[in-house]
Amino acid sequence: MSDTAAPTALLPQSTGITLVVTERVRLSKLDAYEAWARRLHAVQATQPGFVGLHVLRDTNGPVAEYVTLVRFESAQALEAWRATPAYREALAQLDDFTADEVEYREAQGLEAWFDRPARLPAPPLWKNVIVGIVGVYPLIMLFAWLLRPVTGEWPAWAATLATASLSTLFLNWPVLPWLSRLLRPWLYPTRRG
């Protein structure tokens, strides 16, 4: 999947809630769908409690898959958005573009970035934490080493901020989505019965 333009950058945070929407769009309706999505995103951006969104898309299959992460400050802000006439009107138009049922799930923190198979429960928090450490530790070490020639004379807090910023950027895309696919059998073990 590749990034598409989004009105606001979205970085996972420890608070708030993310609505993860997976839509499979008919290829013949791509242009109309994208125009619809731009209008919807512009309205979302004016909603109280809206933090930002990020869109991932894959148009290489028989249908295009769009995964949109819409972040709100709280579950209450998300519910307030869902109660608006604009949201209901947008949902009424969605069937015009999609090839099958739209999937919705809510996530908190880094969980939104994990490539979770549809209809499976989220992995336990301890597994998410381990995957996060596996992803972030090498990035911190790498960027601390790469930035040392530039940040060597900076105050410790500023050098750490530079390292943390780059690590967070790369952690969110592509490291966590890649790790979640690589570790899928461990994160979502198949139950044998």
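Residues numbered from 1 in each chain as written. Predicted model: local features only at pLDDT ≥ 70, side-chain atom pairs only at ≥ 80, totals over all residues. Heavy atoms only, no water.

Caption draft 1: Structural view of the overall build of the protein. For the protein, the helix and strand inventory stands at 6 helices and 5 strands. Ordered by position in the sequence, the α and β elements of the protein form the string β-β-α-β-β-α-α-β-α-α-α. Pairs at least 24 residues apart make up 75% of the contacts formed inside the protein by residues separated by at least 6 positions. Counting only carbon and sulfur atoms, one obtains 61% of the accessible surface of the protein, whose full area is about 11200 Å². (Helix = DSSP H or I, 4+ residues; strand = E, 2+ residues; numbered from the N terminus. Contact = heavy atoms within 4.5 Å. Areas by Shrake-Rupley, 256 points an atom, 1.4 Å probe, with all protein chains shown as cover.)

Caption draft 2: Local environment of the nonpolar core. Formed by 24 residues in total, the largest nonpolar core has its most connected members in Val25, Tyr33, Trp36, Tyr66 and Phe72. Elements that contribute at least two residues to this core include exactly strand S2 (17-26), helix H1 (30-44), strand S3 (50-58), strand S4 (63-72), helix H2 (75-82) and helix H3 (85-94). Tallying contributions element by element places H1 first for this core, with 5 residues. Apart from the residues lying within four places of it in its own chain, the contact partners of Tyr66 are Val21, Thr22, Glu23, Val25, Leu30, Tyr33, Glu34, Val55, Leu56, Arg57 and Thr59. Phe143, Leu147, Leu171 and Leu179 belong to the second largest nonpolar core, which has 10 residues in total. (Core = buried A, V, L, I, M, F, W, Y, C linked by side-chain atoms within 4.5 Å. Buried < 20%, exposed > 50% of the residue type's maximum accessible area, 1.4 Å probe, protein only.)

Caption draft 3: Spotlight on the packing of H1 against H3. Where H1 meets H3, the axes come as close as 11 Å, and the angle between the chain directions of the two elements is 170°. As the angle between them shows, H1 and H3 are arranged roughly antiparallel. Across the interface between the two elements, Tyr33, Trp36, Arg39, Leu40 and Val43 of H1 pack against Ala86, Ala90, Gln93 and Leu94 of H3. Split into classes, the residues belonging to the contact of H1 with H3 amount to 7 nonpolar, 1 polar and 1 charged. (Axes fitted to C-alpha atoms, helices over the stretch in contact; angles between N-to-C directions. Parallel < 35°, antiparallel > 145°, perpendicular 65-115°, else oblique. Nonpolar A, V, L, I, M, F, W, Y, C, P; charged D, E, K, R; others polar.)

Caption draft 4: A look at the packing of aromatic side chains. On inspection of all chains with the given rule, the structure shows 8 aromatic pairs. On the numbers, 5.9 Å between centres and 80° between planes, the contact of Phe50 with Phe72 is edge-to-face. On the criterion of sequence distance, the pair formed by Phe50 in strand S3 and Phe72 in strand S4 is long-range, its members being 22 residues apart. With respect to class, Phe50 is no different from Phe72; both count as buried. Both rings, one in Phe143 and one in Phe170, keep their centres 5.2 Å apart while their planes meet at 40°; by these two values the pair is tilted. On the criterion of sequence distance, the pair formed by Phe143 in helix H4 (residues 125-151) and Phe170 in helix H5 (residues 156-182) is long-range, its members being 27 residues apart. (Phe/Tyr/Trp six-rings, centres within 6.5 Å; stacked < 30°, edge-to-face > 60°.)

Caption draft 5: A look at the pairing of S2. The element S2 is largely enclosed, with a buried count of 9 among its 10 residues. Where S2 meets S4, 10 bridges bridge the pair, whose relative direction is antiparallel. Its bridge partner being in S4, Thr18 is matched across the sheet by Arg71. (Pairing = 2+ DSSP bridges.)

Caption draft 6: The pattern of salt bridges, seen in detail. Throughout the structure, instances matching the rule amount to 5 salt bridges. For Arg57, the salt bridge goes to Glu34, with nearest N and O atoms at 2.2 Å. With Arg57 in strand S3 and Glu34 in helix H1, this residue pair connects regions lying 23 residues apart in the sequence. Look at Arg57 and you get partly exposed, because its relative accessible area is 24%. (Salt bridge = Lys/Arg side-chain N within 4 Å of Asp/Glu carboxyl O.)

Caption draft 7: Structural context of the side chain of Thr151. With respect to the element layout, Thr151 can be found in helix H4. Residue Thr151 is classed as buried on the basis of its relative accessible area, which comes to 8%. Look past the residues within four positions of Thr151 in its chain and what remains in contact with it is Ala159 and Ala162.

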